[in-house]
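Secondary and tertiary structure notes
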Amino acid sequence: MFLRTLVAAAMALALSPLAEAQPIRIGAFLSVTGPAAFLGDPEQKTLELYVEKLNAAGGVLGRKLELVAYDSAGDAEKARGYVKRLIEQDKVDVLVGGSTTGETMAAVPLAEAAGMPFISLAGAVVIIEPVKKWVFKTPHTDRMACEKVFADMRARGATKAALISGAGGFDRSMRAECLKVAGAQGVQIVADETYGAGDTDMTAQLAKIKGTPGVQAVLNAGFGQGPAIVTKNYRQLGIGVPLYQSHGVASKQYVSLAGDAAEGVRLPAAALLVAETLPDADPQKKVVTGYKRDYESRFKQEVSTFGGHAYDGLMLAVEAMQRARSTDKAKVRDALEATRGYVGTGGVVNMSAQDHMGLDLSAFRMLEVRKGDWTLVK
């Protein structure tokens, strides 16, 4: 497991003169509170946990890690201010954060101008397309989610789909990506409805979808509480075709909020949510079961893919420093871009100058809610 390798390397260096050097500063800005707290809270806990674990083993390059984190509460303006502080005042060595697309995109110009390696934890494809020299990301993209869902629809005989999406940055981006790729995936979008950020009832939009001739499946592009409301209203209206959600709700919080209405809902997600059921030969099994064990034993709450994004962001940064044998920002950036074969919670990462995420569609697993839990669709 990658963490063990890092631990061994750190212990070997622990007695060197570098052990007394200044700490390596990991800068983070996360939605720990506010509407996106279900993202930022597990992300912050994960960073705290693994900074502590790495330090207990001697640190990285013989130096301790120091986490400098701010709660941006999902607010892009707050994120911009905190990133400016992290770069100019806190003098961090790398940025790992940005729980939402809005926060991330607010930070991108600052990171680019400062020459600061930045690993985002947000989902939209715009973060890495077009490629930005200093910006990387760990989660699967919204475009990949559309492609994975449409492939599953076709496998179930559905070629006419309806979209319903929220008003957030991720929601709008995923809706746009789904509209772009639907035709190439052999799916026709026959209805397209939206709802507001504060809406508490989506029955009007779903009634329109129900009344649209030919709808064979429905995809909700969104995250937060909106998808749980959509799911409940969907069942209340007795819509009989399959319902899909995005990877933006890949946590048990969604299942808890939606209750029995979530039964049968499918979504694409990382292997982390079905860690124990993976075959032993799966290269991710040791990583995801290890992270799940560490997180759940420490915090007494179920793991989510969002904390996994933070784990991958931190470990990618640390691995890049190890390979660069330096915290020099340009060298770390180059090492991140050269990442090959990193096995994380999100998949096996192979980056390049053209790809600052490094995941392909095989990194997504199709899951279905059965009896209140995630199951792997075979």
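Residues numbered from 1 in each chain as written. Predicted model: local features only at pLDDT ≥ 70, side-chain atom pairs only at ≥ 80, totals over all residues. Heavy atoms only, no water.

Considerations on the overall build of the protein
Where we set the bar: Under the scheme used here, helices are H or I runs from DSSP no shorter than 4 residues and strands are E runs no shorter than 2 residues, and both carry numbers assigned from the N terminus. Each radius of gyration is computed over the set of C-alpha atoms, and the globule rule expresses the reference value as 2.2 Å times the number of residues to the power 0.38. Classification of residues uses two cut-offs on accessible area relative to the type maximum, computed with a 1.4 Å probe and protein chains only: under 20% is buried, over 50% is exposed, and between them is partly exposed. We call two residues in contact when some of their heavy atoms are within 4.5 Å. Methods summary: accessible areas were calculated by the Shrake-Rupley approach with a probe of 1.4 Å, and residue burial reflects only the protein chains presented.
Helices and strands together make up the secondary structure of the protein, namely twelve helices and 14 strands. Taking 378 residues into account, the globule formula puts the C-alpha radius of gyration at 21 Å, and the protein, at 21 Å, falls close to it. Along the first, second and third principal axes, the C-alpha set of the protein runs to 70 × 45 × 35 Å. Out of the 378 residues in the protein, the part that is buried amounts to 58%. Across the protein, contacts joining residues at least 24 apart in sequence account for 69% of those joining residues at least 6 apart. A total of about 14500 Å² of accessible surface is found on the protein, and carbon and sulfur atoms cover 52% of it.

Digging into the packing of aromatic side chains
To describe a pair of aromatic rings, you give the distance between the ring centres and the angle between the ring planes. Just so we agree on the cut-off: Only rings of Phe, Tyr and Trp enter the pairing, Trp through its six-membered ring, and a pair is recorded when the two centres are within 6.5 Å. The plane angle decides the type: under 30 degrees is stacked, over 60 is edge-to-face, the rest tilted.
One pass over the structure, following the stated rule, counts ten aromatic pairs. On the numbers, 5.8 Å between centres and 40° between planes, the contact of Phe29 with Phe118 is tilted. With Phe29 in strand 1 (residues 24-30) and Phe118 in strand 4 (residues 118-120), this pair connects stretches of sequence that are 89 residues apart. Each of the two residues, Phe29 as well as Phe118, counts as buried. Judged by centre distance (4.9 Å) and plane angle (80°), the ring pair of Tyr50 and Tyr311 falls under edge-to-face.

A look at helix 7 (residues 203-210)
So the rule is basically this: An arc is given here, and it is the one of the directions from the helix axis to the C-beta atoms.
Those residues of helix 7 that fall on the buried side of the exposure criterion are Gln205, Leu206 and Ile209. Across the axial projection of helix 7, the buried residues extend over an arc of 95°, all falling on one side. Among the exposed residues of helix 7, those oriented more than 90 degrees off its buried face are Ala204 and Lys208. Taken together, the buried residues of helix 7 touch strand 6 (160-165), strand 7 (188-194), strand 8 (217-221) and helix 8 (226-236).

What to know about the sheet that holds strand 5 (residues 135-137)
The test is simple: In this analysis, strands are considered paired if DSSP registers two or more bridges between them. Throughout, an axis means a line fitted to C-alpha atoms (over the contacting stretch in the case of helices), and angles, computed between N-to-C directions, take values from 0 to 180 degrees.
Sheet architecture is open: five strands sit in the order 2-1-3-4-5, paired in parallel fashion. Two strands close off the open sheet at either side, each with one partner strand: strand 2 (65-71) and strand 5. The average undirected angle you get between the axes of adjacent strands in this sheet is 25°. Strand direction decides the pairing type here: strand 3 (residues 94-97) and strand 4, joined by three bridges, are parallel. For Leu95, the partnering residue across the bridge sits in strand 4 and is Phe118. With respect to the sheet, helix 4 (residues 101-114) is in contact with strand 1, strand 3, strand 4 and strand 5, its orientation differing from that of strand 4 by roughly 170°.

Brief notes about the side chain of Ser31
Defined as follows: Here a polar contact is taken to be a pair of N or O atoms separated by no more than 3.5 Å, where protein atoms must pair a possible hydrogen donor with a possible acceptor and residues adjacent in sequence count only if both atoms sit in side chains.
By the element assignment, Ser31 lies in the loop between strand 1 and helix 2 (37-56). Of the polar contacts made by the side chain of Ser31, one reaches the side chain of Glu103; its length is 2.8 Å.

Remarks on the pairing of strand 10 (residues 266-269)
Burial along strand 10 is two-sided: the residues Arg266 and Pro268 and Leu267 and Ala269 are all buried. Of the pairings in the sheet, the one linking strand 10 to strand 13 (residues 365-370) comprises four bridges and is antiparallel in character. The residue bridging Ala269 from the neighbouring strand is Arg365, located in strand 13.

With respect to the environment of Met174
In this structure, Met174 sits in helix 6 (residues 169-181). C-alpha separation for the pair Met174 and Gly347, spaced 173 residues apart in sequence, amounts to 20 Å. Here Met174 is in contact with Asp142, Ala145, Cys146, Leu219, Ala221 and Ser246, once residues within four sequence places are set aside.

Section: the nonpolar core
Threshold: Working definition of a nonpolar core: buried Ala, Val, Leu, Ile, Met, Phe, Trp, Tyr and Cys residues. They are joined through side-chain atoms within 4.5 Å. Here the limits of each domain have been adopted from an automatic or database domain assignment.
With 116 residues, the main nonpolar core has Leu95, Phe150, Met153, Leu219, Tyr254 and Trp374 as its most contacted residues. It is helix 11 (residues 305-324) that provides the largest number of residues to this core, a total of nine residues. Residue-level mapping places this core at the junction of two domains, with at least three residues from each of domain 1 (2-141 + 287-362) and domain 2 (143-275). Among residues more than four places away in sequence, those in contact with Met153 are Ala158, Ala161, Ala217, Val218, Leu219 and Tyr244.

Digging into the confidence of the model for the protein
Low-pLDDT portions of the prediction should not be read for the details of their coordinates. Using the following cut-off: pLDDT is defined as a per-residue confidence score from the predictor, taking values between 0 and 100.
The predicted model of the protein averages 94 in pLDDT, with 95% of residues at 70 or higher. Predicted confidence for residues 12-19 stays below pLDDT 50, and this span has eight contacts to residues more than four positions away or in other chains.

So, the state of the cysteines
The cut-off we apply is this: Disulfide: a pair of cysteine sulfur atoms within 2.5 Å of each other.
Tallied over the full model, the rule gives one disulfide. With its sulfur 2.1 Å from that of its partner, Cys146 forms a disulfide with Cys178. Judged by the sign of its S-S torsion, about -90°, the bond between Cys146 and Cys178 is left-handed. Of this pair, Cys146 sits in helix 5 (residues 142-155) while Cys178 sits in helix 6, and the two are 32 residues apart along the sequence. Of the two residues, Cys146 and Cys178, both sit in the buried class.

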